[in-house]
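Spelled out, the chains give:
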Amino acid sequence: MADIEQKDLMEKIVSLAKRRGFVYRSSDIYGGLAGVYDFGPRGVELLNNLKRAWWQANVYDKENYYGLDAGMFKNPRVWEASGHTSGFSDPLAECKKCNTRIRVDKALEAIGVTADEKMSEDEINALFDAHRAEIACEKCGAHDFSRAKKFNLLVKSNLGDFASEGGEPVYLPGEACQGIYLDYKNIVDSMSPKIPFGIAQIGKAFRNEIAPRNFLFRCREFEQADTQLFIRPNENKEAYEALKKEHMAWLASLGIRQENLRLKRHENLVFYAKDAWDIEYRFPWGFDELEGIHDRSDYDLTQHQIFSGQDLRYTDPETGEKYVPWILETSMGMGRLFLAVLADAYREDEMGGEARVYLALAPKIAPVKAAVFPLLKNKPELVAEARELYAALKKEIPQIVFDDNGNIGKRYRRQDEIGTPFCITVDFDTLGEKPELKDTVTVRDRDTGEQKRVASGEVAAFLRDKIRA
Ligand code: ATP
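All of these numbers come straight from a predicted model, not from anything done at the bench.

Residues in close proximity to the ligand total 19 residues, the closest being Glu209, Arg218, Glu289, Leu290 and Gly333. Contacts to the ligand include Lys106, whose side-chain N or O atom sits 3.3 Å from an oxygen atom. Within the backbone of Cys219, a nitrogen or oxygen atom sits 2.9 Å from a nitrogen atom of the ligand. In the complex, 87% of the free accessible area of the ligand, which totals 590 Å², lies under the protein chains. Going through the elements one at a time, β8 (221–231), β11 (286–295) and β14 (326–333) are the ones with two or more residues in the shell around the ligand. Sorting elements by how many residues they give to the shell around the ligand places β11 first, with 5 residues. Along the lines of polarity and charge, the residues of the shell around the ligand split into 6 nonpolar, 5 polar and 8 charged.

What follows is the structure, encoded as structure tokens:
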């Protein structure tokens, strides 16, 4: 396999994603909208496969986790209680020469200086001033920036603002997990879960990111897959370690290479956190956050208890003891996972004397599991047989396509580029040209290019085994 320069990899992924129907810029024909992307026909299948695999691991494979899909708009008080209206901000500065905006904390981080989230504007500016000479505008290279200002990331809406009555606006969710805290009481009342229990949700989040960048990595609209595990106070240590291990193993189970994943502890903890780690992936620009795993104590429920005036304590069904549960959280951006999976699967090699690009996606997440071809497009008997096999397979495995466009080599290349693990060809032997091969087809493996003959009636079982593996 050819070594791909990391600096080129991102460009290649973005180009393949557009060319092959994975990801488009939002409102592309109008020049796009920064920080928003659309998932195309192949992308939505890959995304849904990732979500299904996540739901399987975090809801179906567990007895004590409950799924949820909370509404996006929430009572404005929610964002006061969570601290988002006052504290959910990033420090922004502007290049005085070309007006490019930078996130000061990220610019400092890039030169090895950590800016604490809790820092006041003055404290950030003191740090920024001390390191200004080392920070260059990424567009024009100048070192002359405005003072850093804290910029709130919540996106306001005008929902319900019919008569401009004043008061807090209704925000779009800055993080999806608030829906879980808000429905914790409903779930306790309706499902009678026993602690420890979890709630899992995949939901949209919106942030007024100052500098959206790196394709799906930093967007203004994105999806988060969250789990919140409700536990007894002080029973956090063992469960937290188990969560870290479990989530690392799950990412590896998608086919992401171990050496591209690592756990990193946060240097600065927010005041209520007992511990905080990130699972980082080696993106084309280096290791960066993929998923946060946070030990949040009783902070979230206590805040909502204070602001809502509702009793959010859990009552132990056996002892009658009442307490506010502690929470262990995992939160991962689905777009970041999608990008990590694409970056990890992208390969270039040579096959049959020709350069090729392919995505080495695990069959269970590949957007197309198999493509069915007639060897030749202009032989009706081959086409009819191939169509029949395609229709039968599609009933069982919906992510299957039929392709008779161009010669077989071109079809292979096209399927390789979208990561289709198997190509199935109906040829003259299938029709009985060699009687001993009648009703068999060739199955070609994407990664090795090897072909073997499989009985037509056994193709579905073959594919099911590979998808399950
Ligand atoms: P960062 O430091 O990169 O801004 P964060 O620490 O603010 O991220 P969290 O608020 O903990 O992120 O969000 C949980 C997860 O949501 C992150 O691990 C990431 O995968 C995803 N996420 C956060 N912000 C974005 C974004 N702007 N675009 C895409 N995904 C995001």
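Still more ground to cover, so stick around.
Before going further, it helps to examine the domain arrangement of the chain. It is common to give the size of an interface as the accessible area that goes away when the parts come together. Along its sequence, the chain is carved into domain 1 (2–79 + 161–343), domain 2 (89–152) and domain 3 (368–468). Spacing between the C-alpha centres of domain 2 and domain 3 amounts to 55 Å.

The next point concerns the packing of helix α7 (residues 178–191) against helix α9 (residues 299–308). Where α7 contacts α9, the axes come no closer than 10 Å and their chain directions differ by 65 degrees. Judged by the angle between their axes, α7 and α9 are roughly perpendicular. α9 is crossed by α7, and the crossing has right-handed handedness. In this structure, α7 contributes Gln178, Tyr181, Leu182 and Tyr184 to the contact, and α9 contributes Asp300, Leu301 and His304. In terms of residue class, the contact of α7 with α9 is made up of 4 nonpolar, 2 polar and 1 charged.

A separate point is the sheet that holds strand β19 (residues 422–426). Overall, mixed pairing links the 5 strands, which are arranged β18-β17-β19-β20-β21 in an open sheet. Edge positions in the sheet fall to β18 (400–402) and β21 (451–455), since each of these pairs with one other strand and no more. Along the sheet, successive strands turn relative to each other by an average axial angle of 25 degrees, direction set aside. Sheet topology places strand β20 (residues 440–445) next to β21; 5 bridges connect them, and they run antiparallel. The residue bridging Thr440 from the neighbouring strand is Ala455, located in β21. The sheet strands contacting helix α13 (residues 459–468) are β17 (370–374), β18, β19, β20 and β21, and the helix crosses β19 at an angle near 175 degrees.

Before going further, it helps to examine the pattern of salt bridges. In total, this model carries 42 salt bridges according to the counting rule given. Across the pair Arg262 and Glu280 runs a salt bridge whose closest N-O atoms are separated by 2.8 Å. On the criterion of sequence distance, the pair formed by Arg262 in strand β9 (residues 261–265) and Glu280 in strand β10 (residues 275–283) is long-range, its members being 18 residues apart. Judged by relative accessible area, Glu280 falls into the buried class, the value being 7%. One salt bridge in this structure joins Arg453 and Asp429, with 4.0 Å as the shortest N-O distance. Residue Arg453 is located in strand β21, and its partner Asp429 is located in the loop between β19 and β20; the two are separated by 24 residues in the primary sequence.

Mapped onto the elements, Lys139 comes out in the loop between α6 (121–131) and β6 (149–152). Residue class for Lys139 comes out exposed when judged on its relative accessible area of 64%. If we skip the residues at most four places from it in the chain, Lys139 touches Cys98 and Thr100.

Two elements in contact, helix α2 (residues 41–60) and helix α10 (residues 334–345), have axes separated by 10 Å at closest approach and are oriented at 110 degrees. By the angle between their directions, the pair α2 and α10 is classed as roughly perpendicular. Seen from α2, the contacting residues are Gly43, Leu46, Leu47, Leu50 and Lys51; seen from α10, they are Met334, Leu337, Phe338, Val341 and Leu342. Looking at the contact of α2 with α10 residue by residue, the classes come out as 8 nonpolar, 1 polar and 1 charged.

Okay, the side chain of Arg411 next. Following the sequence through the fold, Arg411 ends up in helix α12 (residues 408–418). Here Arg411 sits buried without a salt bridge, and the closest side chain of opposite charge, Asp403, lies 4.8 Å off (N-O distance). Of note is the side chain of Arg411, whose polar atom sits 2.7 Å from the backbone oxygen of Pro374. Looking at Arg411, its side chain comes within polar contact range of the main-chain oxygen of Gly406, at 3.1 Å. Beyond its immediate chain neighbours, meaning those up to four positions away, Arg411 contacts Phe373, Pro374, Leu375, Lys377, Asp403, Asp404, Asn405 and Gly406.

Turning our eyes to something else, we now look at the side chain of Asp183. Tracing the sequence through the fold places Asp183 in helix α7. Although buried, Asp183 forms no salt bridge, and the nearest oppositely charged side chain, Lys74, lies 7.1 Å from it. Once residues within four sequence positions are removed from consideration, Asp183 is found in contact with Leu68 and Ala70.

Moving on: α6. Side chains of residues three or four places apart in an α-helix project in the same direction, reflecting 3.6 residues per turn. Within the sequence span of α6, burial applies to Ile124, Asn125, Phe128 and His131. Seen along its axis, α6 keeps its buried residues to an arc of 130 degrees; they face one direction. Opposite the buried face of α6, at more than 90 degrees from it, the exposed residues are Asp122 and Ala130. Buried residues in α6 make contact with β4 (89–94), β5 (101–103) and α5 (104–110).

Rules used in this analysis
Residues numbered from 1 in each chain as written. Predicted model: local features only at pLDDT ≥ 70, side-chain atom pairs only at ≥ 80, totals over all residues. Heavy atoms only, no water. Near = heavy atom within 4 Å. Polar contact = N/O pair within 3.5 Å; in protein donor to acceptor, adjacent residues only side chain to side chain. Areas by Shrake-Rupley, 256 points an atom, 1.4 Å probe, with all protein chains shown as cover. Helix = DSSP H or I, 4+ residues; strand = E, 2+ residues; numbered from the N terminus. Nonpolar A, V, L, I, M, F, W, Y, C, P; charged D, E, K, R; others polar. Domains from an automatic or database assignment. Axes fitted to C-alpha atoms, helices over the stretch in contact; angles between N-to-C directions. Parallel < 35°, antiparallel > 145°, perpendicular 65-115°, else oblique. Left-handed = near helix turned anticlockwise from the far one by under 90°. Contact = heavy atoms within 4.5 Å. Pairing = 2+ DSSP bridges. Salt bridge = Lys/Arg side-chain N within 4 Å of Asp/Glu carboxyl O. Buried < 20%, exposed > 50% of the residue type's maximum accessible area, 1.4 Å probe, protein only. Lys, Arg positive; Asp, Glu negative; His and termini not counted. Arc of directions from axis to C-beta.

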